[in-house]
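# Reading the structure
In case you want the letters, here they are:
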Amino acid sequence: MARPFNVTQVEQKWQARWLDEGTYEVDNDDPRERYYALCMYPYPSGTAHQGHIRNYTFGDLVVRYQTMKGKAVLSPFGFDSFGLPAENAAIKAGSHPRLFTDARMVELKNSVRRLGAVYDWRREVFSHDPRYMRWAQTIFLRFLKAGLAYRANAPVNWCPGCATVLANEQVNADGTCDRSGDLVERKHLEQWFFKITDYADELLNDVDSLEWPERVKTMQRNWIGRSEGVEFDLALAVDSSKSLRVFTTRPDTGFGVTYAVVAPEHPLLDFLTTDDERSRVQALVERASQASELERTSSSDSGANLEKRGAFTGSFVINPFNQQPVPVYVADYVLGNYGTGAIMAVPAEDERDFAFAEIHGLPVVRTIAPPEGFTGGAYSGEGVHINSGFLDGLDVAEAKERATTYLEEHAQGLRKVNYRLRDWLVSRQRFWGCPIPVVYCDACGIVPVPEDQLPVLAPDDVVMDKSGQSPLATHEGFRNTTCPHCGGAARREADTMDTFTDSSWYFLRYADPFTEGQAFDPVEVEKWMPVDQYIGGIEHAILHLLYARFYLKALIDTGVAPGLPREPFKRLFTQGMIRLDGSKMSKSKGNLIAPEKYYETVGADGLRLFHLFVGPPADDVDWTSQTEDVIEGCARFLDRIYRLSQYDECHFHTERTEGDLEVLREVHRTIDKVTDGLEKWSYNTAVAALMELLNTMSKAARSKEGINQVVLDECLDLFMRLLAPMAPHITAELWEMRHPDASSVHAQPWPLADATLTARALVTMVLQINGKLKSRIEVSPDVSEVDAIAAALADATIVELMAGASPQRVVAVPPRLINIIL
RNA sequence: GCCCGGAUGGCGGAAUGGCAGACGCGGAGGACUCAAAAUCCUUUGCCUGAGAGGGCGUGUGGGUUCGAGUCCCACUCUGGGCACCA
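What counts and what doesn't
Residues numbered from 1 in each chain as written. Chains lettered and ligands numbered in written order. Predicted model: local features only at pLDDT ≥ 70, side-chain atom pairs only at ≥ 80, totals over all residues. Heavy atoms only, no water. Helix = DSSP H or I, 4+ residues; strand = E, 2+ residues; numbered from the N terminus. Contact = heavy atoms within 4.5 Å. Areas by Shrake-Rupley, 256 points an atom, 1.4 Å probe, with all protein chains shown as cover. Lys, Arg positive; Asp, Glu negative; His and termini not counted. Charge placed at Lys NZ, Arg CZ, Asp CG, Glu CD. Pairing = 2+ DSSP bridges. Axes fitted to C-alpha atoms, helices over the stretch in contact; angles between N-to-C directions. Core = buried A, V, L, I, M, F, W, Y, C linked by side-chain atoms within 4.5 Å. Buried < 20%, exposed > 50% of the residue type's maximum accessible area, 1.4 Å probe, protein only. Domains from an automatic or database assignment. Near = heavy atom within 4 Å. Polar contact = N/O pair within 3.5 Å; in protein donor to acceptor, adjacent residues only side chain to side chain.

A separate point is the overall build of chain A. Looking only at helices and strands, chain A features 27 helices and 32 strands. Principal axes of the C-alpha set define a box for chain A whose edges measure 105 × 85 × 50 Å. A separation threshold of at least 6 residues defines the contact pool for chain A, and within that pool the share at least 24 residues apart is 73%. Of the roughly 35100 Å² of accessible surface on chain A, a fraction of 50% belongs to carbon and sulfur atoms. The average position of the 85 basic charges and that of the 115 acidic charges among the side chains of chain A differ by 2 Å.

Attention now goes to the sheet that holds strand β1 (residues 34–39). Spatial ordering of the open sheet is given by β2-β1-β22-β23, a layout of four strands whose pairing is parallel. Two strands close off the open sheet at either side, each with one partner strand: β2 (72–74) and β23 (572–575). Here the average twist between neighbouring strands, direction ignored, is 20 degrees. Across four bridges, the pairing between strand β22 (residues 533–537) and β23 is parallel. Note that in β23 the partner of Ile 535 across the bridge is Phe 573.

Here the focus is the nonpolar core. Grouped together as the largest cluster of nonpolar side chains are 92 residues, with contacts concentrated most on Leu 723 and Met 726. Broken down by element, this core gets its largest block of residues, 11 residues, from helix α22 (residues 683–702). Both of domain 1 (35–145 + 195–223 + 447–461 + 495–591) and domain 3 (595–758) provide at least three residues apiece to this core. For Met 726, the contacting residues outside a window of four places in its chain are Leu 61, Arg 608, Leu 609, Leu 612, Val 674, Leu 678, Ala 686, Val 687 and Leu 690. Grouped together as the second largest cluster of nonpolar side chains are 91 residues, Ala 72, Ala 86, Cys 434 and Phe 507 included.

Near RNA strand B, the surroundings consist of 49 residues, among which Ser 227, Thr 249, Arg 309, Arg 352 and Arg 420 are the closest. Take the atoms of RNA strand B that sit within 4 Å of the protein: sugar and phosphate atoms are 59% of them. Within the backbone of Tyr 333, a nitrogen or oxygen atom sits 2.9 Å from a sugar or linking oxygen of RNA strand B. One nitrogen or oxygen atom from the side chain of Gln 626 is found 2.9 Å from a base oxygen belonging to RNA strand B. For the surface near RNA strand B, the leading source of residues is α22, giving six residues.

Here it is, written out as structure tokens:
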């Protein structure tokens, strides 16, 4: 497609200028109002793909728009540069992950520059920079000191494909690895954890205060999974001095307890198991300990399997509500690490209990009357209590309260809150990550590496494979060290930290990247935090955002970041994904449409405009056979504005006509539309408004009567300013051609609509008869109701249609419409 | 199973309870051209009619209202999140 100007040349000229002149560098003591705009820390996977392009197009629009609004905008960039792909690629190529990563970083950096996205490159941060690692490790040690980092032997999620353990958050619901898709196995290992559960309540409560998409807030709440209930004792039938502690959220259904269940890991299981039942119980425990989380929690399991998954222990406990003995089972549907690892089972009001009771032939006693016609098994809804002694006739809420009080008085009951959220497992048995800065000494135990010896860096000559052992563990030179405490022989920790730790505080370092004596100076960072606008993919709705929120709270509480606001991201925008043939476009899926080719044809501006125009920014984009045409259409729009600004085929007259004024009025109305669109993330309609305006301007200037040139110039100048954040190159170029001595269009203030120009002298009023559109008339926008009705009844079409009939009623909404009811 | 979204022309999508389909893509026709490309102009929801016009129309069925794409109830399909968490 032939363009009226050399796109590549123009774009490169401006990209070089923005970079050379440091146009978007900003200092912490800038006197203007501050604004922190941030796109999510990218993994350097090479040249940018369409998802990146979309992300940085939105981010750059925000940066340029807020700058024109007169703010000092912090726009940093960096790389989440540790991670598995680099390590795997290095193993394959026999090279080093650093070489691989550094090359990919250069590529991505060039890509975003080629897009015309502008950053304060002085503030660049990347995870494998020793200057960043040092503070990442310092933070780990501060967490350790504060008791927020701890080491524990725990059943963990092991991914055979990635040869490392995963956090709960990295395991999909179907039990596969979020990254490789391999089936995750269960292993018992000594691992490092962060105590994110200490913050469960705050993480949950603070969600309310965030200006985030509701969907993301809901996902965060669900993930934390708070539930209120009561913990109490079930006394053993044979010995009432001993008891089994259980947790329930439904104490009101206590009269319906017909058995109890303990988890296979329960510490009292051995004690509860009688000799007659021992072999069956042991078989079940054996099986449960080997089963993966998937098998164990599979809900699609058949009845036969369910039966195998539970066994009678031989013991009985007393139901404290009715003093009846009920059997104790062991079953793997009860989890050892949630609640007390034991439950009271109420088959009538709990589906899982019902299914289990059916198979094991246990009785079902209803304590809530199900609604008329209810045919299912367990009924967990609202209703009136029956068969429940002192709770009979009460609704669920009231019965819960009474039952809880009863348990407090008769069964050591304690009101208790439980969370689904587990502590964050941060150990990774991989090489390309930040080493965990501790040593193990036989005499002193776990000893932190002194902060003045940080960062602990991995040596380069490490053999990486997927044996499952940490590559660093096999490097004797690294592994063997001396204890910082006693000076004796000691061994370094060989695991590295989850890369999600790196992306949990990078935004703080951006705000003060120059400091040397600490991770960042809280006084400097406080000037920018919280992030005013965070932009990224919906795929990070849980993991990254939850971890980053936890990190900031923990950093404040451990004294690393005193005085900072406790939530990092005030406003979040999650962009839609790019789909090709229905699935997400991504490098790992190998279904990329590379952006490079479009730089040659439509330019960065054309591609940016496409991403802004194609649909609501939050929605997914389907890349179809039609997409190329839409991109071309966006470039065509830029060509048209270029030609109009050259006065191509324009006619001019010298007087200022009403027609000229009307064009100028449209420009001012468009200022409002575009501003509103940019504020509300309705970029597609903002672009549409500019397209519409260009049609108006172009039609007027090219008509036979022509336009006053001074008016056209004023219109064009305003147009350029509105388009500047969206298509920064062409607007900068045209502005310079039109104003060679003035400062750049990007340094101009954002235009403000003149209210006297946006007002309309006449508006169209719709005339309806019985709610059906029949005619239209022009009226003053402040026409009175009486005048409006009079005008409507005088309209020729209306007079004819009414044929002398008198209206039963007239609904008047001046100046919008008149509806005549006959 | 539970919790959120969503459903509008051939397509992407617009529409504070008040002109449904802005804007763009695609289609049709025309101008320019020896011709093509590019550009420009006209037209384009469906049905019906020679035309003026008329009828129908925002997933389905009800409801509220002078008036519903928009609000309420029930359902269908679809996308996503969570899913033995007691």
